[in-house]
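Chain and residue survey
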Amino acid sequence: MFDIGFWELLFVALIGLLVLGPERLPGALRGLQRGMQKLKNFGTSVQAELNHELRIKELHEHLKKAEQMEVDKLSPELQRSMAELREAAAGVQRPYEKKPSSAGDEDDSGTSPAADKDESKPSS
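Being a predicted model, the structure only gives us computed values, none of them experimental. (Residues numbered from 1 in each chain as written. Predicted model: local features only at pLDDT ≥ 70, side-chain atom pairs only at ≥ 80, totals over all residues. Heavy atoms only, no water.)

**Points about helix H1 (residues 6-68)**
Every α-helical turn comprises 3.6 residues, leaving residues that sit three or four positions apart pointing alike. A rise of 1.5 Å per residue sets the reference length of H1, with its 63 residues, at 93 Å; its end C-alpha atoms lie only 62 Å apart and thus fall more than 12% short of the reference. Gly21 marks the point of greatest bend in H1, at about 110°, and the proline Pro22 comes within the next four residues. When we look at burial in H1, the residues that qualify are Gly16, Gly21, Leu25, Ile56, Leu63 and Ala66. (Helix = DSSP H or I, 4+ residues; strand = E, 2+ residues; numbered from the N terminus. Expected span 1.5 Å × (residues − 1). Bend = angle between axes of the 7 residues up to and from the residue. Buried < 20%, exposed > 50% of the residue type's maximum accessible area, 1.4 Å probe, protein only.)

**A closer look at the pattern of salt bridges**
Under the defined criterion, the tally for this structure stands at 1 salt bridge. When the shortest N-O distance is used, the salt bridge between Lys57 and Glu61 registers 3.4 Å. You can see Lys57 and its partner Glu61 sitting in helix H1, 4 residues apart, about one turn around the helix. Since its relative accessible area comes to 40%, Glu61 is described here as partly exposed. (Salt bridge = Lys/Arg side-chain N within 4 Å of Asp/Glu carboxyl O.)

**Description of the environment of Ala83**
As for its position among the elements, Ala83 is in helix H2 (residues 76-93). Judged by its relative accessible area of 33%, Ala83 is partly exposed. Sequence separation between Ala83 and Leu63 is 20 residues, and the spatial gap between their C-alpha atoms is 9.9 Å.

**Remarks on the packing of aromatic side chains**
A full pass over the atoms with the stated rule returns 1 aromatic pair. With a centroid separation of 5.1 Å and an interplanar angle of 75°, the aromatic rings of Phe6 and Trp7 are classed as edge-to-face. The exposure classification of Phe6 matches that of Trp7, with both residues exposed. (Phe/Tyr/Trp six-rings, centres within 6.5 Å; stacked < 30°, edge-to-face > 60°.)

**A look at the confidence of the model for the protein**
Predicted confidence across the protein gives a mean pLDDT of 77, with 70% of residues reaching 70 or more. Within the protein, no element has a lower average pLDDT than helix H3 (residues 113-120), which sits at 47, and none a higher one than H1, at 90. Here residues 105-120 is a poorly scored stretch, pLDDT under 50, and it has 7 contacts once near neighbours within four places are set aside; other chains count. (pLDDT = per-residue confidence, 0-100. Contact = heavy atoms within 4.5 Å.)

**Description of a nonpolar patch on the surface**
A cluster of nonpolar side chains, Phe6, Trp7, Leu10, Leu14 and Leu17, forms an exposed patch at the surface whose accessible area comes to about 560 Å². Locating Phe6 in the fold gives a position in helix H1. For Phe6, a relative accessible area of 57% puts it in the exposed group. (Patch = residues over 30% accessible without salt bridge, like charges linked within 9 Å, V, L, I, M, F, W, Y side chains within 5 Å. Areas by Shrake-Rupley, 256 points an atom, 1.4 Å probe, with all protein chains shown as cover.)

Shown next, in the form of C-alpha cells:
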C-alpha cells in the first residue's frame, strides 16, 4: 500500500516516541488504528451503496427496454415477472413512503374508533 521501508518506519516510530512519550504512544496508536478502521468501514458502506444504486438503475433500464418491446407478445409468465419487477422498482424508489392504513384500524390520533366512542359517553 505505502512504499515505506523498515528504516523509514523505525524513524517515524522514534519521532512518535519522542513527541508523545512512552505513556501516550500506545493510546495514540490504538486511536490511529480505530480511525483507519472507521475509514475502511465508511469506504465499504459507500461502495455497497453505490452498487445498490447501480443495480436499481440497471433494473429501470431493463424495464424501459422491455416496455419498449412489444409486451403483449410476451408469455403470461414473463408478463407476471414484469409486473413483479415494476412493483419492486416502485418499492425501491419510495422506501420511506408511509403506507396508508386501513379504515377500521386506527385513525391519526393513534386510538381506535371504538375507544373514541366509549370516551364520548358521559360517565355516571
